[in-house]
Amino acid sequence: MPRLLSRAKPETIVRDLIAEATRSGGRAFSNAVDLVLATMACHGSVRAGDRLSAEEASALLVALDQVEFSGHCPHGRPIVTRMGWDELERKVGRR
């Protein structure tokens, strides 16, 4: 069983799968399963405004280097972005 599912209540998983399958129209059931699992992963993740220790932030960056991903969350929001030194300095008020 995936670690993600070990914390979830089976009833919740089944309800979410049924709800998504009924909303999915012509999509295959496996697509509904993928969407439910992606949503569960998103809800259990670190969110904007959450405070992290330096060790937690470092561990997230190390873990990010160890997986293949498209650079976006399941909802299509970017996880990683590029910016030049000028932009970084402006954002942290050093220029």
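Residues numbered from 1 in each chain as written. Predicted model: local features only at pLDDT ≥ 70, side-chain atom pairs only at ≥ 80, totals over all residues. Heavy atoms only, no water.

## Concerning the overall build of the protein
The number of helices and strands found in the protein is 5 helices and 0 strands. Walking the protein from its N terminus toward its C terminus, one meets helices and strands in the order α-α-α-α-α. Looking at the 95 residues of the protein, the share that counts as buried comes to 13%. Counting contacts in the protein only where the partners sit at least 6 residues apart, residues at least 24 apart contribute 24% of the total. (Helix = DSSP H or I, 4+ residues; strand = E, 2+ residues; numbered from the N terminus. Buried < 20%, exposed > 50% of the residue type's maximum accessible area, 1.4 Å probe, protein only. Contact = heavy atoms within 4.5 Å.)

## Re the environment of H72
Within the secondary structure layout, H72 lies in the loop between α4 (54-65) and α5 (85-91). For H72, a relative accessible area of 40% translates into the label partly exposed. If we ignore the near neighbours within four places in the chain, the residues touching H72 are R77, P78 and I79.

## Here we look at the pattern of salt bridges
For the structure on display, the rule yields 1 salt bridge. With its nearest N and O atoms 3.9 Å apart, the salt bridge here joins K91 to E87. One end of the pair, K91, and the other, E87, are both in helix α5, 4 residues apart, so they sit about a helical turn from each other. For K91, a relative accessible area of 56% gives the class exposed. (Salt bridge = Lys/Arg side-chain N within 4 Å of Asp/Glu carboxyl O.)

## What to know about a nonpolar patch on the surface
A cluster of nonpolar side chains, contributed by V67, F69, I79 and V80, occupies part of the molecular surface with about 340 Å² of accessible area. Considering the arrangement of structural elements, one finds I79 in the loop between α4 and α5. (Patch = residues over 30% accessible without salt bridge, like charges linked within 9 Å, V, L, I, M, F, W, Y side chains within 5 Å. Areas by Shrake-Rupley, 256 points an atom, 1.4 Å probe, with all protein chains shown as cover.)

It is worth stressing that arrangement in space is one thing and function is another; only the former is reported here.
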